Amino acid sequence: MKLQNSTLSALIITHNEANHINELIENVSFADEIIVVDSFSEDGTIERLQQYPNVKVFQNKFLDFANQRNFAISKATSNWILFIDADERLPKLLVEEIKEKINVPTNIVAYKIPRKFVFKEKILNYSGLQTDFILRLFKRGKANYDTDIKVHEVLKVNGRIGKLKNPMLHYSYSDYKSYKAKTEHYARLKAKMLFEKGARPTWFDLYIKPVYKFLYNYIFRLGFLDGNEGLIICQLNAYGVKYRYEYLNELFLGSPKE
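Below, the structure is looked at part by part. Since the structure is predicted, the reported quantities are computational estimates derived from the model, not experimental observations. (Residues numbered from 1 in each chain as written. Predicted model: local features only at pLDDT ≥ 70, side-chain atom pairs only at ≥ 80, totals over all residues. Heavy atoms only, no water.)

## Notes on the side chain of Ser-78
In this structure, Ser-78 sits in the loop between α3 (65-75) and β4 (80-83). There is a polar contact of 2.8 Å between the side chain of Ser-78 and the side chain of Ser-9. Those residues within four positions of Ser-78 in sequence are excluded, and the remaining contacts are Thr-7, Leu-8, Ser-9, Asp-32, Glu-33 and Arg-140. (Helix = DSSP H or I, 4+ residues; strand = E, 2+ residues; numbered from the N terminus. Polar contact = N/O pair within 3.5 Å; in protein donor to acceptor, adjacent residues only side chain to side chain. Contact = heavy atoms within 4.5 Å.)

## Focus: the packing of aromatic side chains
For the coordinates displayed, the defined rule picks out 16 aromatic pairs. Between Tyr-239 and Tyr-243, the ring centres sit 5.8 Å apart and the planes meet at 50°, which makes this aromatic pair tilted. Highlighted residues: Tyr-239 and Tyr-243, both in helix α7 (residues 227-253), separated by four residues, approximately one helical turn. Overall, Tyr-243 belongs to the buried group, its relative accessible area being 4%. For the cation-ring pair, Lys-163 lies above Phe-133, with the distance from its terminal atom to the ring centre recorded as 4.6 Å. (Phe/Tyr/Trp six-rings, centres within 6.5 Å; stacked < 30°, edge-to-face > 60°. Buried < 20%, exposed > 50% of the residue type's maximum accessible area, 1.4 Å probe, protein only. Lys NZ or Arg CZ within 6 Å of the ring centre and 35° of its normal.)

## Quick word on the packing of helix α5 (residues 176-196) against α7
Pairs of packed helices are described in terms of their axes, by the angle between the two and the distance that separates them. For the pair α5 and α7, the least separation of the axes is 8 Å and the interaxial angle reads 40°. When the interaxial angle is binned, α5 and α7 end up oblique. The hand of the α5/α7 crossing is right-handed. Residues that form the contact of α5 with α7 fall into these classes: 16 nonpolar, three polar and six charged. (Axes fitted to C-alpha atoms, helices over the stretch in contact; angles between N-to-C directions. Parallel < 35°, antiparallel > 145°, perpendicular 65-115°, else oblique. Left-handed = near helix turned anticlockwise from the far one by under 90°. Nonpolar A, V, L, I, M, F, W, Y, C, P; charged D, E, K, R; others polar.)

The structure is reproduced here in C-alpha cells:
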C-alpha cells in the first residue's frame, strides 16, 4: 500500500551487498522512492539492482559514511527520508508505524528507531545493545550528517525529535570472520579521525580501554545473559577498541596496516 499524503524516500548506501540487496529492496518496497548510492561494488550488487526499474542507482566514491549519506540525501525528492543499511530489516509493525507517523500532522521532524541486534537467528537483548536507538527517519530539508564525524555518523536535526516504538532488526553478524572484518574497518575509520585531530594512543588506550569495554558490556550491561553469543560479541567489540588504538599507533609510525 502506497503512502497517501506524505511521501517517503528509502535511502540505501552499499558496497558489495549482493547477498542482502534483493531482500532489502523487497523490504522497503512500500516507499514511494528507493535510492541506492553504491561505492563501486564488484560482487554483482549493481547487476542485481538493475532488476528493479523502480530503484534509482547512483555510484559515488566512498570518502566516509557522513559524506556518502549526505550525497544520498541530495538525491531524494520525497517529504520524508528513511535510511536503512543493507543488513537491516523493517518488520511489518515498524513499517505500519512509519506510515502512520509521517502522515500525522506534528511538529516532530525526525524519529529515533529502536534496533535489535540479531546474531544469526538470535536476538541479543543485552551486551550493551539494549539501548540502541538510531536517527534514521526525518523530514527532507531538516537534517544532514555532520561531516566532521566519519564513522558512527551523527545526524544534525533542526527541530524536535521523537521515538518510534517498534524496532528494526540488525543482521550484522553473519559469521565471525565477516563481523571481525567489519569491526576492523570501523576501527580504522575511527583511528583516522583521531589521527587527524593529533590524538596519540597511550598505554591506557592500548591496554586498559579494551579490557574495560569487555567487562562493561559483558558484566555491567549483562552480556552474559545473552549466552555464548553475548560472549562473542563482547569480545569482538573489545577487540575493535584494541585494534583502533593499534592502528592509530601505526599511523603515527607511518606504517598502517590495511
